[in-house]
Amino acid sequence: MKKRELKVSAINNGTVIDHIRPGNAFKVIKILHLDNYKDTITITSNVPSGVTGRKDIVKVENRALSPEEVSSIALVSPEATVNIIKDYEVIEKGNINLPETIYNIIACTNPLCITNHEDVPTVFNVERTNPLVLRCQYCERKMTEKDIIKVMG
Ligand code: CTP
Ligand code: ZN
């Protein structure tokens, strides 16, 4: 093991979200609604990664992620990787693709938007990816990364 690699314990079964932007592990937990998860979650924040960088890691035991959940991670950390673990082995490793539309994941910041008054799901079109810019399909409100983080609570 290289000197700057930190040893973190392996999991038996579940999902490892790796290479999360440093400090964003808690936002990943929030966006996946894992705040009240009943099995083990290991959060590792700001571990050295590569020569100069740092990263966060979230390990969720005995839980798979739906494709929608995986793509929602891109809202807070598009460079993250999702590893499926079975019997201690990485059986699948994938990058995250930001979808063209973000369906029913985050609220619109426009207080007058219909999505904040009636029981309709939010829909945002991805207008730019870096930096991320979304546009509400109902009211056309523009949402930047700062807005997105704000409405995630
Ligand atoms: N991991 C884990 N439990 C296991 C196997 C792997 O928690 N039983 C975690 C590792 O700690 C790592 C991630 O899953 O954070 C990916 O594992 P692996 O592919 O073995 O690591 P790397 O080759 O370093 O991955 P990458 O190339 O994506 O950085
Ligand atoms: Zn709106």
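Scroll up for the structure.
Presented here is an overview of the structure given in this document. (Residues numbered from 1 in each chain as written. Chains lettered and ligands numbered in written order. Predicted model: local features only at pLDDT ≥ 70, side-chain atom pairs only at ≥ 80, totals over all residues. Heavy atoms only, no water.)

We now examine the coordination of the zinc ion (ligand 2). At the metal site, the zinc ion (ligand 2) is ligated by C108 (SG), C113 (SG), C136 (SG) and C139 (SG), and these contacts range over 2.3 to 2.4 Å. Mapped onto the sequence, the donors of the zinc ion (ligand 2) take the spacing C-x4-C-x22-C-x2-C. The pair formed by C108 and C113 is uniform in burial state, with each residue classed as buried. (Donors = N, O, S within 2.8 Å, 3.2 Å for Na, K, Ca; no water. Buried < 20%, exposed > 50% of the residue type's maximum accessible area, 1.4 Å probe, protein only.)

With that out of the way, let us pick up the environment of I114. Mapped onto the secondary structure, I114 falls in the loop between β6 (101-103) and β7 (123-129). Look past the residues within four positions of I114 in its chain and what remains in contact with it is V120 and Y138. (Helix = DSSP H or I, 4+ residues; strand = E, 2+ residues; numbered from the N terminus. Contact = heavy atoms within 4.5 Å.)

Pairing is antiparallel in the open sheet, where four strands are placed in the order β6-β7-β8-β9. At either margin of the open sheet sits one strand with a lone partner, and together these are β6 and β9 (142-144). Mean inter-strand twist for the sheet, computed between neighbouring axes without regard to direction, equals 30°. Summarising the sheet, β7 and strand β8 (residues 132-136) pair through five bridges and their orientation is antiparallel. Residue pairing in the sheet places N125 in a bridge with R135 of β8. (Pairing = 2+ DSSP bridges. Axes fitted to C-alpha atoms, helices over the stretch in contact; angles between N-to-C directions.)

Residues in contact with ligand 1, as listed here, are A10, I11, V16, D18, H19, K59, N83, I85, Y88, V90 and K93. Within the side chain of D18, one N or O atom sits 2.9 Å away from an oxygen atom of ligand 1. Put simply, the parts of the chain that give the shell around ligand 1 at least two residues each are β1 (14-20), β4 (81-86) and β5 (89-95). The dominant element in the shell around ligand 1, judged by the number of residues it contributes, is β1, at three residues. Broken down by class, the residue content of the shell around ligand 1 amounts to six nonpolar, two polar and three charged. (Near = heavy atom within 4 Å. Polar contact = N/O pair within 3.5 Å; in protein donor to acceptor, adjacent residues only side chain to side chain. Nonpolar A, V, L, I, M, F, W, Y, C, P; charged D, E, K, R; others polar.)

Of all hydrophobic cores here, the largest spans 30 residues; its most connected members are I17, I73 and L134. Those elements giving two or more residues to this core turn out to be β1, α1 (25-31), β3 (53-61), α2 (67-73) and β8. Counting residues per element, this core draws most heavily on α1, which supplies four residues. With near-sequence residues (within four places) excluded, L134 lies in contact with L75, I102, I106, F124, N125, V126, E127, R141, K142, M143 and I148. Counting five residues, the second largest nonpolar core, distinct from the first, contains I11, V47, I57 and I85. (Core = buried A, V, L, I, M, F, W, Y, C linked by side-chain atoms within 4.5 Å.)

Geometry only, nothing functional implied.
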